[in-house]
Amino acid sequence: MKTVATFLVLTLLLSTLFWMLVIIDVEANLEIVYVDATNFGNPGQDGSSSHPFDTVQEGVDAASPGDIIQVASGIYREYVQIAKSYISLVGQNGTIIDGDGTRYGIRIGALPPTYAENVSISRFTVQ
């Protein structure tokens, strides 16, 4: 009985340590991807603060796990599909995603086997 209890405790400690390392690794690779609708048509868009993407979907597509997609205020007439895990979508005051007649303004996840986990969306109006 004592051996089983020791095994369970060690397994719990090792799994906790593993997940702590995974979380630290994701946070260490944090990047900010910038989006601003007023940068429309700029051929040098790379998601940087000086050359932001002009659509939210471009920002999502360029993001990696752990990244923050910072979206400038404005109206974004698009359907955004997020099929990546561990990303954050952050708007500014007055940031609107207008689904432009689609059923969804934002869809998190896709059909199996593509799922999205731990996606954070804040400071948006979605219509």
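To keep things clear, this report deals only with the structure shown in the data block.

### Quick look at the overall build of the protein
Then, number 1: Across its full length, the protein carries two helices and nine strands.
Then, number 2: Helices and strands in the protein line up, N terminus first, as α-β-α-β-β-β-β-β-β-β-β.
Then, number 3: Taken over 127 residues, the protein has a buried fraction of 28%.
Then, number 4: Across the protein, every contact between residues at least 6 apart in sequence was considered, and the portion connecting residues at least 24 apart equals 46%.
Then, number 5: When the accessible surface of the protein is totalled, it reaches about 8200 Å², and 61% of it is carbon and sulfur.

### Points about the sheet that holds strand S3 (residues 74-77)
Then, number 1: Reading across the sheet, the three strands line up as S3-S6-S9 and stay open at both edges, with parallel pairing between neighbours. The open sheet has two edge strands, S3 and strand S9 (125-126), and neither has a second partner.
Then, number 2: As paired elements, S3 and strand S6 (residues 95-98) share four bridges and run parallel to each other. Bridging across to S6, Tyr76 finds its partner in Ile97.

### Here we look at the sheet that holds strand S5 (residues 88-91)
Then, number 1: The strand order S1-S2-S5-S8 describes an open sheet built from four strands, whose pairing is parallel. Each of the sheet's edge strands pairs with one partner strand only, and the pair in question is strand S1 (32-35) and strand S8 (120-122). Neighbouring strand axes in the sheet, compared pairwise and without regard to direction, differ in orientation by 15° on average.
Then, number 2: The sheet contact formed by S1 and strand S2 (residues 68-71) spans four bridges and is parallel. What sits directly across from Val33, in S2, is Ile69.

### A closer look at the packing of aromatic side chains
Then, number 1: What the rule picks out here adds up to one aromatic pair.
Then, number 2: Measuring from ring centre to ring centre gives 6.2 Å for Tyr79 and Tyr104, while their planes differ by 35°; the resulting arrangement is tilted. Here the residue Tyr79 occupies a position in the loop between S3 and strand S4 (80-82), and Tyr104 occupies one in the loop between S6 and strand S7 (106-108), the gap between them amounting to 25 residues.

### A word on unusual backbone geometry
Then, number 1: In this structure, Asn118 is a non-glycine residue whose phi angle is positive, near 55°.
Then, number 2: Along the chain, Asn118 falls in the loop between S7 and S8.
Then, number 3: We note that Arg123 has phi near 60°; this positive angle belongs to a residue other than glycine.
Then, number 4: Take Arg123: it is sitting in the loop between S8 and S9.

### Here we look at the nonpolar core
Then, number 1: Of all hydrophobic cores here, the largest spans 17 residues; its most connected members are Val56, Val60, Ile69, Val71 and Leu89.
Then, number 2: In this structure Ile69 touches Val33, Val35, Gly59, Val60, Ala63, Ile87, Ser88, Leu89 and Val90, once residues within four positions along its chain are discounted.

Here is what the cut-offs are and how they apply
Residues numbered from 1 in each chain as written. Predicted model: local features only at pLDDT ≥ 70, side-chain atom pairs only at ≥ 80, totals over all residues. Heavy atoms only, no water. Helix = DSSP H or I, 4+ residues; strand = E, 2+ residues; numbered from the N terminus. Buried < 20%, exposed > 50% of the residue type's maximum accessible area, 1.4 Å probe, protein only. Contact = heavy atoms within 4.5 Å. Areas by Shrake-Rupley, 256 points an atom, 1.4 Å probe, with all protein chains shown as cover. Pairing = 2+ DSSP bridges. Axes fitted to C-alpha atoms, helices over the stretch in contact; angles between N-to-C directions. Phe/Tyr/Trp six-rings, centres within 6.5 Å; stacked < 30°, edge-to-face > 60°. Core = buried A, V, L, I, M, F, W, Y, C linked by side-chain atoms within 4.5 Å.

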